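The chain contents come next:
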Amino acid sequence: MATAGKVIKCKAAVAWEPDKPLVIEEIEVAPPQANEIRVKIVATGLCHTDLYHLFEGKHNDGFPVVLGHEGAGIVESVGPGVTEFQPGDKVIPLFVYQCKECRFCKSPKTNLCEKGWSRLRYSVMSPEESRLTCRGKKVLQFMGTSTFSEYTVVNEMGLAKINPAAPLDKVCLLGCGICTGYGAAVNTAKVEPGSTCAVFGMGAVGLAAVMGCKAAGAKRIIAVDVNPEKFEKAKVFGATDFVNPKDHSKPISKVLEEMTNGGVDFSLECVGNVEVMRSALESCMQGWGVSVMVGWTDMADFSARPIQLIAGRTWKGTLFGGFKSKDGVPQMVNAYLDKKVKLDEFITHNLTLDQVNDAIEMMKHGQCIRTVLSVSPQ
């Protein structure tokens, strides 16, 4: 492309400081360096983790930053040493790296990568280096991706080449939320056919977890949320029951225990709240129940009584649904194209990048499942 090797000036939504609206700015995006790829972002989803960094984490060293980590786009140019990607490839940036060489990548037990940015800088949620600048200042790249920008630069370990037939305004959701929830059920919990499951939180991640439980063959899937309007949406993805904790005077774990003759086989917490994590654990059957923490948070300690685990429950966490990113995301794209995974049904709003603050307000107030922002024309 004519822009290869040159600085690109483009539009991006910059978070200059915590707790403030994003500002649409003209930024400069430097050419990719060795083993990097510059990507034209076509569409991006807004994920709660973006809001977490902006309103909850508030780490001053994590600003200014271009948020966004659930995007899809087209390769504009590649840096020295890149052979896997070519200009024009359809791609999804990945916040979980897969170098395929480290001990983690070679192990089937984890999807972490020793070369990922998060090993040393998870608290600020951005790698130290950035190819983005604005008003003469370095702007951090959120989770190594920064998809709230018309162009971004990513490491080749954090990019997946996908089927050229994939619609970017749909498969962008596989960059985080849908893979996280679906994989939490299928890869991490390893939900079994005929089992009973409870999923806490009916946002996009929770709905994806419901979809994963159904795909794994669960016979009963109980959706738990304080918003009764979420049940109809949950049924679309496979929920068989709905429980609103506000409708009961007793703890939700007791309610589920009574509904299931002792507790569920699998529970998935998709809220990012330590109290809900404990409730999810306590909802599991003694002896074999498995509870998975899916929602992202690092703001508080969690707790449980030892007997809750001594008696045979398993409590575990998941990142990106346990998917090895470069391998798993293209597989999920193909599963969508084969109609084995839903994506369209998650999208409740379509806006433009200029409307990102409207999208943030809707998510803060629970008025959307997923909003997809149109960033650049394809």
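Residues numbered from 1 in each chain as written. Predicted model: local features only at pLDDT ≥ 70, side-chain atom pairs only at ≥ 80, totals over all residues. Heavy atoms only, no water.

Asker: In this structure, what is going on with the overall build of the protein chain? I would like to understand it.
Answerer: Each helix and strand in the protein chain was counted, giving 12 helices and 18 strands. Here the protein chain has a C-alpha radius of gyration of 20 Å; the compact-globule value for 378 residues is 21 Å, and the two agree. Principal-axis analysis of the C-alpha atoms places the extent of the protein chain at approximately 65 × 40 × 35 Å. Looking at the protein chain residue by residue over its 378 residues, the buried ones come to 57%. Contacts in the protein chain between residues far apart in sequence, at least 24 positions, make up 69% of those at least 6 positions apart. Working note: accessible area of the protein chain is about 15,900 Å², and carbon and sulfur atoms make up 50% of it. Each charge sign in the protein chain was given a centre, from 42 positive and 41 negative side chains, and these centres are 4 Å apart. (Helix = DSSP H or I, 4+ residues; strand = E, 2+ residues; numbered from the N terminus. Rg over C-alpha atoms; globule rule 2.2 N^0.38 Å. Buried < 20%, exposed > 50% of the residue type's maximum accessible area, 1.4 Å probe, protein only. Contact = heavy atoms within 4.5 Å. Areas by Shrake-Rupley, 256 points an atom, 1.4 Å probe, with all protein chains shown as cover. Lys, Arg positive; Asp, Glu negative; His and termini not counted. Charge placed at Lys NZ, Arg CZ, Asp CG, Glu CD.)

Asker: Can you help me understand the nonpolar core in this one?
Answerer: Soluble globular proteins tend to bury their nonpolar side chains together. Counting 116 residues, the largest nonpolar core has F148, V171, L268 and F346 as the members making the most contacts within it. Looking at which element gives the most residues to this core, the answer is helix α6 (residues 204–215), with eight residues. Not counting residues within four places of it along the chain, the set of residues in contact with F346 comprises L173, I178, A204, L207, A208, M211, F237, I369 and R370. Of all hydrophobic cores here, the second largest spans 11 residues; its members include V255, L256, V264 and C284. (Core = buried A, V, L, I, M, F, W, Y, C linked by side-chain atoms within 4.5 Å.)

Asker: It is not clear to me how the sheet that holds strand β12 (residues 220–224) should be interpreted in this structure. Could you clarify?
Answerer: Strand-to-strand pairing in sheets goes through backbone hydrogen bonds, with the strands running parallel or antiparallel. The strand order β13-β12-β11-β14-β15-β16 describes an open sheet built from six strands, whose pairing is parallel. Strand pairing shows two members of the sheet lacking a second neighbour, β13 (241–243) and β16 (314–317), which therefore form its edges. Taking each pair of neighbouring strands and ignoring which way they run, the sheet shows an average axis angle of 20°. Strand direction decides the pairing type here: β12 and β13, joined by three bridges, are parallel. Pairing of I222 across the sheet is with D241, part of β13. Across the sheet, helix α5 (residues 177–189) is in contact with β14 (266–269), β15 (290–293) and β16; its angle to β15 comes to roughly 135°. On the sheet, α6 packs against β11 (196–200), β12 and β14 and is oriented at approximately 170° with respect to β11. (Pairing = 2+ DSSP bridges. Axes fitted to C-alpha atoms, helices over the stretch in contact; angles between N-to-C directions.)

Asker: In this structure, what is going on with the pairing of strand β17 (residues 347–352)? I would like to understand it.
Answerer: Both faces of the sheet carry side chains from a regular strand, because those side chains alternate between them. Where β17 lies against strand β18 (residues 370–374), five bridges are found, and the strand directions are parallel. From the neighbouring strand, N350 faces β18, where its bridge partner is V372. In this fold, β17 hands off to helix α12 (residues 356–364), which returns the chain to β18; that crossover is right-handed. (Right-handed = clockwise from strand over helix to strand, strands pointing away.)

Asker: Is there a simple way to explain the pattern of salt bridges in this structure?
Answerer: Close approach of charged atoms allows side chains with opposite charge to pair. In this structure the tally under the stated criterion is 18 salt bridges. A salt bridge links E17 to K20, with the nearest nitrogen and oxygen atoms 3.6 Å apart. Given a relative accessible area of 40%, E17 falls into the partly exposed group. Of the charged contacts in the structure, one is a salt bridge between R103 and E114, with a shortest N-O distance of 2.6 Å. Taken together, the residues R103 in helix α2 (residues 103–106) and E114 in the loop between α2 and α3 (118–121) connect sequence positions 11 residues apart. Assessed through its relative accessible area of 57%, R103 is described here as exposed. The structure contains a network of salt bridges with shared partners spanning E36, E129 and R131. (Salt bridge = Lys/Arg side-chain N within 4 Å of Asp/Glu carboxyl O.)

Asker: Teacher, can you tell me more about the packing of aromatic side chains here?
Answerer: Aromatic ring pairs are reported here in terms of the distance separating the ring centres and the angle at which the planes meet. The tally for this structure, following the rule as stated, stands at five aromatic pairs. Between F237 and F346, the ring centres sit 4.4 Å apart and the planes meet at 40°, which makes this aromatic pair tilted. Placement of F237 in helix α7 (residues 230–237) and of F346 in the loop between α11 (325–337) and β17 is noted, with a sequence separation of 109 residues between them. The two residues F237 and F346 agree in class, both being buried. Here F320 and F323 contribute two aromatic rings whose centre-to-centre distance is 6.4 Å and whose plane-to-plane angle is 65°, an arrangement assigned as edge-to-face. (Phe/Tyr/Trp six-rings, centres within 6.5 Å; stacked < 30°, edge-to-face > 60°.)

Asker: Where do I start with the packing of α5 against α6 in this structure?
Answerer: How two helices sit against one another is set out by the angle between their axes and by the gap between those axes. The geometry of α5 relative to α6 is characterised by a closest axis approach of 7 Å and an angle of 40° between their N-to-C directions. Between α5 and α6, the angle falls in the class oblique. Considering the relative orientation of α5 and α6, their crossing is right-handed. Each of G177, I178, T180, G181, Y182, A185 and V186 in α5 lies in contact with α6, whose residues at this interface are A204, V205, A208, A209, M211, G212, C213 and A215. (Parallel < 35°, antiparallel > 145°, perpendicular 65-115°, else oblique. Left-handed = near helix turned anticlockwise from the far one by under 90°.)

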